[in-house]
Amino acid sequence: DDIRAYARNVVEKEIEKHAADGLGRVDYALASSGAFVVKHSEPYLVGKASNWVFLKSTKNGVHGDADKMLRPSFGEPGQCFPLKGSSGFVQIKLRTPIIPEAITLEHVAKSVAYDRRSAPKDCRVSGWLRAHDDLEVDTEKMFSLAEFTYDLEKSNAQTFDVLDSAVSGLVDTVRLDFTSNHGSASHTCIYRLRVHGHEPDAVSMMTMQLS
Amino acid sequence: DDIRAYARNVVEKEIEKHAADGLGRVDYALASSGAFVVKHSEPYLVGKASNWVFLKSTKNGVHGDADKMLRPSFGEPGQCFPLKGSSGFVQIKLRTPIIPEAITLEHVAKSVAYDRRSAPKDCRVSGWLRAHDDLEVDTEKMFSLAEFTYDLEKSNAQTFDVLDSAVSGLVDTVRLDFTSNHGSASHTCIYRLRVHGHEPDAVSMMTMQLS
Amino acid sequence: DDIRAYARNVVEKEIEKHAADGLGRVDYALASSGAFVVKHSEPYLVGKASNWVFLKSTKNGVHGDADKMLRPSFGEPGQCFPLKGSSGFVQIKLRTPIIPEAITLEHVAKSVAYDRRSAPKDCRVSGWLRAHDDLEVDTEKMFSLAEFTYDLEKSNAQTFDVLDSAVSGLVDTVRLDFTSNHGSASHTCIYRLRVHGHEPDAVSMMTMQLS
Ligand SMILES: [K+]
Ligand SMILES: [K+]
Ligand SMILES: [K+]
């Protein structure tokens, strides 16, 4: 009976987590929360059978489908945004300034994928606080948040802790640079990037301004 | 082995329920089934970062996004409709007339929410049968279906049984009135309202007409 | 402890499968992968409360909503395409030529369905390789892939192995014919059809051409 109760409890907890966006963790880069793609490297728009890539317009160099990278994929192949080549980047304005704690990079699950050579491999994530959307970033105020390798053999949503969150301050913009992928010469697909962390309270805001 | 079979059985049952719209219970207020929002209190459209609230048109006082309240949220923050202030209402025409049995009110899960002060708190649900869409309701034929408090500490989809279904008759219109929320002065978000019950068979229809 | 580890393992595996499109199996008929509906029998467009059926256009006899049959339903009633009568067909161009191994036909789960009389019953699936989209099929090159009965008492997504995959060759087009449904005189709803199999490697391609 004890074990049965345990089993039931494990099931409920895990399904609850699954139902809560898969990880049960707040994502400040979610499109429906107000986050959006600020810029990205050249998209890969040639030779796709589906027509969605051709029909969407582009604003300030951001493709109309780029926010697919900031939306749930619900386990469906194709719910991603393809960037040209094996290296590239995407830069995201978060919903609100946060102290970043972790980054999740998601690709499609092995069991339903046609081909996972387009998955990103070596990645680097940086972040900063952007005074105005149109100003260039002051690189001195830029934090290196995480460096990691997306591993095709692990779970399809892989979370990486921020290197040393003590060193990091408030950020409202995050940039993913990928320098390699898992074998595709033509393109790299980003299914979803999530940014976890916490909003600073009034006290910590004051401390930051004093220091 | 017995316990293993039990564990597997629990898992399968729970996932089946999860896959069946989360509760495994028929919802007569689901938009894709033909239900729709008839009217609602003033929407909260100011100061939202996302543009979806501005671009949708309004028909007969019903905002184009109001049916978000009658669609699945898939655990995603923002898949709701915001109403102004801490009290308000939404009135729904069901797919078909039913004998109501329970009401489910859903908000976003704690683990992925940015802020849950906009969740509704004290609620009252009533229902009636509306002869014609354009007629005013005959308040004598109105049933009080449920009174409840949405609890932020419980599961995000909370189901409340109809007070005394013996007293209730056939309804095709249901109205949720919320009189408080969990702390937001500006708005209250409704993620989803579901109405459970059963369609009357021919015999019970006749009994109702005779009585 | 052993049993607890076992329970946790079962849960994780099952949720992973659920999160991977429900079955954890590659689907070459998925719309977002490039597959599309080539033709279908007459759609059922009369007397539906929802307006989606009226507003979509038709191209070459294929209704704008026909690809609902090639998309996930996420357990939601109504996420299907209705065809007129109790018999009919749908013909699909796959994402890429494959050696077919199994077919999955999905309807809505019993627990959330209003009425399942519109579910297809007796079915036959055939496949062939189509040189050009505008040519008629050479019936000698047509393979009978599966014959089955969709059972309302079983799981809502039912998978049927290809009769004798040794006999079958490469196909890029698949056709579902249903000859009966579960009781509706007016229409039959197809929630989703999936086609499983594998892409031939270079060696097996050569063998096929030689034989
Ligand atoms: K996505
Ligand atoms: K919703
Ligand atoms: K579907």
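Here, every reference points to the structure presented above.
Residue positions are given per chain, counted from 1 along the sequence in the order it is written. Both sets of labels track the order of writing: A upward for chains, 1 upward for ligands. Local features in this predicted model are restricted to residues whose pLDDT is 70 or higher, and side-chain atom pairs enter the listing and the counts only when it is 80 or higher, whereas totals over whole chains, interfaces and linings include all residues. Values shown for side chains rest on all heavy atoms present in the structure; no hydrogens or waters enter the calculation.

(A) Layout of the relation of the copies chain C and chain A. Alignment of the copies relies on least squares applied to C-alpha atoms, considering only residues that score at least 70 for pLDDT in both. Each copy superposes on the other: chain C lies on chain A with an RMSD of 0.0 Å after a rotation of 120° and an axial shift of 0.0 Å. Taken together, the rotation angle and the small translation identify this as a three-fold axis.

(B) Structural view of the interface of chain C and chain A. Any two residues whose heavy atoms approach within 4.5 Å are treated as being in contact. Each side of the interface is counted separately: chain C has 24 residues, and chain A has 21 residues. Between chain C and chain A lies a buried interface of about 2,000 Å² when both sides are counted; carbon and sulfur atoms form 64% of it. Buried surface area refers to the total accessible area, computed with a probe of radius 1.4 Å, that the two partners give up upon joining, counted for both partners together. Counting the surface chain C buries against chain A, the share from its top three residues, Arg4, Ile15 and Ser32 of chain C, is 26%. For this document, the term salt bridge refers to a Lys or Arg side-chain nitrogen within 4 Å of an Asp or Glu carboxyl oxygen. If you look at where chain C meets chain A, you find two salt bridges. Where Glu14 of chain A meets Arg8 of chain C, a salt bridge forms, and the shortest distance between an N and an O atom there is 3.5 Å. We define a polar contact as two N or O atoms separated by no more than 3.5 Å, with the added condition that, inside protein, one atom must be a possible hydrogen donor and the other a possible acceptor, whereas residues neighbouring each other in sequence contribute only through side-chain atom pairs. Remark: the boundary between chain C and chain A carries six residue pairs in polar contact (both at pLDDT 80 or more). Examining the composition of the side of chain C that touches chain A, we find that nine residues originate from one element, helix α1 (residues 2-19) of chain C, more than from any other. Three categories are distinguished: nonpolar for Ala, Val, Leu, Ile, Met, Phe, Trp, Tyr, Cys and Pro, charged for Asp, Glu, Lys and Arg, and polar for the others, with Gly belonging to the last. Classifying every residue of the side of chain C that touches chain A gives eleven nonpolar, five polar and eight charged. Secondary structure elements are taken from DSSP: a helix is a run of H or I of four residues or more, a strand is a run of E of two residues or more, and numbering for both begins at the N terminus.

(C) Representation of the coordination of the potassium ion (ligand 3) within the structure. Residues and elements named next belong to chain C. Donor atoms: N, O and S within 2.8 Å of the metal, or within 3.2 Å for Na, K and Ca. Because water is excluded, sites can look incomplete. Ligation of the potassium ion (ligand 3) by protein atoms is provided by Lys68 (O), Arg71 (O), Ser73 (OG), Gln79 (O) and Tyr191 (O), these donors lying 2.7 to 2.9 Å from the ion. The motif formed by the donor residues of the potassium ion (ligand 3), counted along the single chain, is K-x2-R-x1-S-x5-Q-x111-Y. Taken individually, Ser73 and Gln79 each receive the classification buried, so the pair is uniform in this respect. Residue burial is assigned from relative accessible area. The probe radius is 1.4 Å, only protein chains are included, and a residue is buried under 20% of its type maximum, exposed over 50%, and partly exposed in between.

(D) Focus on the coordination of the potassium ion (ligand 1). Residue and element names in this part refer to chain A. For the potassium ion (ligand 1), the protein coordination sphere consists of Lys68 (O), Arg71 (O), Ser73 (OG), Gln79 (O) and Tyr191 (O), at 2.7 to 2.9 Å. For the potassium ion (ligand 1), the donor residues sit on a single chain with the sequence spacing K-x2-R-x1-S-x5-Q-x111-Y. By relative accessible area, which is 32% here, Arg71 ends up partly exposed.

(E) Structural detail: the pattern of salt bridges. Residue and element names in this part refer to chain B. Applying the stated criterion across every chain yields a total of 38 salt bridges over all chains. Where Asp21 meets Arg192, a salt bridge forms, and the shortest distance between an N and an O atom there is 2.8 Å. In this pair, Asp21 is assigned in the loop between α1 (2-19) and β1 (36-40) and Arg192 in strand β11 (residues 192-198), connecting sequence segments 171 residues apart. Under the relative-accessibility criterion, Asp21 is labelled buried at 10%. Here Arg192 falls in the buried class, since its relative accessible area comes to 1%. Residue Asp27 is joined to Arg192 by a salt bridge in which the shortest nitrogen-to-oxygen separation is 3.0 Å. Of this pair, Asp27 sits in the loop between α1 and β1 while Arg192 sits in strand β11, placing them 165 residues apart in sequence. Exposure class is identical for Asp27 and Arg192. Each is buried.

(F) Layout of the state of the cysteines. Cysteine sulfur atoms are paired as a disulfide whenever they fall within 2.5 Å. Tallying each qualifying case throughout the model produces zero disulfides over all chains. Counting only cysteine sulfurs, Cys80 of chain C is the nearest neighbor of Cys189 of chain C, a cysteine outside any disulfide, at a range of 3.5 Å.

(G) Molecular detail of the interface of chain C and chain B. Each side of the interface is counted separately: chain C has 21 residues, and chain B has 24 residues. Summing both partners gives a buried area of about 2,000 Å² for chain C against chain B, and 64% of it is carried by carbon and sulfur. At the boundary of chain C and chain B, one finds six residue pairs in polar contact (both at pLDDT 80 or more). Along the lines of polarity and charge, the residues of the side of chain C that touches chain B split into 13 nonpolar, five polar and three charged.

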